[in-house]
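# Inside the fold
One-letter residues, chain by chain:
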Amino acid sequence: MKIKSCRFEKSSAKMSELPAHSKPEYAFIGRSNVGKSSLINMLTGQKSLAKTSAKPGKTQLINHFMINEQWYLVDLPGYGYAKVSKGKREDWEKMIRHYLTKRENLVCIFQLIDGRLSPQANDLEFANKLGEYGVPFVVVVTKTDKLGGTTIQANVATYKKAMLEHWDDLPAFHLSSTVTERGKEEILNFIEQCNVSYAANPPEIQPRPTV
Ligand code: GTP
Ligand code: MG
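Residues numbered from 1 in each chain as written. Chains lettered and ligands numbered in written order. Predicted model: local features only at pLDDT ≥ 70, side-chain atom pairs only at ≥ 80, totals over all residues. Heavy atoms only, no water.

### A look at the layout of surface pockets
Taken as a whole, the largest pocket spans an internal volume of roughly 680 Å³. When residues of the lining of the largest pocket are traced back to their parent elements, those giving at least two are α2 (86–102) and α3 (121–133). The residue inventory of the lining of the largest pocket, partitioned by class, reads 13 nonpolar, seven polar and seven charged. One number sums up the size of the second largest pocket: a volume of about 380 Å³. Considering the residues around the second largest pocket, the lining is formed by 27 residues, among which Asn-33, Val-34, Gly-35, Lys-36 and Ser-38 are closest to the centre. For the lining of the second largest pocket, the element with the most residues is helix α1 (residues 36–44), which contributes four residues. Looking at side-chain class alone, the lining of the second largest pocket contains six nonpolar, 14 polar and seven charged residues. (1 Å grid on protein atoms, 1.4 Å probe; cavity = no way out; pocket = protein on both sides within 12 Å on 5 of 7 lines; lining within 4 Å. Points joined across faces, edges and corners; volume = space filled by probe spheres on them. Helix = DSSP H or I, 4+ residues; strand = E, 2+ residues; numbered from the N terminus. Nonpolar A, V, L, I, M, F, W, Y, C, P; charged D, E, K, R; others polar.)

As structure tokens, then:
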């Protein structure tokens, strides 16, 4: 799929602030610093559409980006940043739970995991949460440029094995790098297919109260 246009639409702190739910959307989630915002920039071919940082905890709100005036990419704040207070973590959990369970036009979550690491408990727990909520998701393995191919494959295999302790079937896995643009076409093609299915079979969206 070709990206003809992309623009930042808005940042939201709660459900009532989200943009109209008239178009399909795809949201990126994962541990702080895993590369969510960078991946949005890579996919859209922009340097700084989504704000990135070498320090974790950069993205704090739900950020909507309108793509081709037809669908949204959504950048979410990350989980697992140790320096976040208990109160803030609880706020995050509540906001994300509402978003994941109530956003009717959310087609698929991309859960990003860092290709350099052994299976992280909070990634596996979050995948279980997605299963509990019944939200479709795929896994994107990030930063694959930082290690050799064999090591990455071994890390992915270990992660899949850990997932299989809780899951009967595995989601799709996409390998990515913002440095080499690995995964760009594959992910965009996947989104394109999802958009076609969405158009053929849109969800029943309840009207929002006007007051
Ligand atoms: P939060 O908003 O804090 O949750 O983080 P994030 O997941 O949005 O991460 P972000 O995109 O800000 O990237 C974090 C750091 O990882 C930055 O320094 C990026 O340049 C770097 N990074 C992200 N993806 C890649 C990649 O594929 N390869 C390499 N080498 N670095 C990457
Ligand atoms: Mg970010």
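Still to come is the rest of the account.
### A word on the sheet that holds strand β2 (residues 25–30)
Judged by pairing direction, the sheet is mixed, and its seven strands sit side by side in the order β1-β3-β4-β2-β5-β6-β7 without closing on themselves. Sheet topology places β1 (6–12) and β7 (173–175) at the edges, where each strand pairs with a single neighbour. Between one strand axis and the next, the sheet turns by 25° as a mean value, whatever way the strands run. With four bridges joining them, β2 and strand β4 (residues 71–75) adopt parallel strand pairing. The residue bridging Tyr-26 from the neighbouring strand is Leu-73, located in β4. On the sheet, α3 packs against β2, β5 (106–114) and β6 (137–142) and is oriented at approximately 165° with respect to β5. (Pairing = 2+ DSSP bridges. Axes fitted to C-alpha atoms, helices over the stretch in contact; angles between N-to-C directions. Contact = heavy atoms within 4.5 Å.)

### Concerning the site of ligand 1
Not every one of the 22 residues close to ligand 1 is listed here, only the nearest: Lys-36, Ser-38, Gly-57, Thr-59 and Asp-145. Within the side chain of Lys-143, a nitrogen or oxygen atom sits 3.1 Å from an oxygen atom of ligand 1. Across the complex, the protein chains shield 87% of the 660 Å² of accessible surface that ligand 1 would expose by itself. A majority-of-atoms criterion places ligand 1 in the second largest pocket. In terms of residue class, the shell around ligand 1 is built from four nonpolar, 12 polar and six charged. (Near = heavy atom within 4 Å. Polar contact = N/O pair within 3.5 Å; in protein donor to acceptor, adjacent residues only side chain to side chain. Areas by Shrake-Rupley, 256 points an atom, 1.4 Å probe, with all protein chains shown as cover. Sits in = over half its atoms within 2 Å of the grid points.)

### Quick notes on the state of the cysteines
Counted under the stated rule, the structure contains zero disulfides. Distance from the sulfur of Cys-6, which forms no disulfide, to the nearest cysteine sulfur (Cys-194) is 19 Å. The thiol of Cys-194 is not disulfide-bonded; the next cysteine sulfur, from Cys-108, is found 5.6 Å away. Here Cys-194 falls in the buried class, since its relative accessible area comes to 13%. (Disulfide = S-S within 2.5 Å. Buried < 20%, exposed > 50% of the residue type's maximum accessible area, 1.4 Å probe, protein only.)

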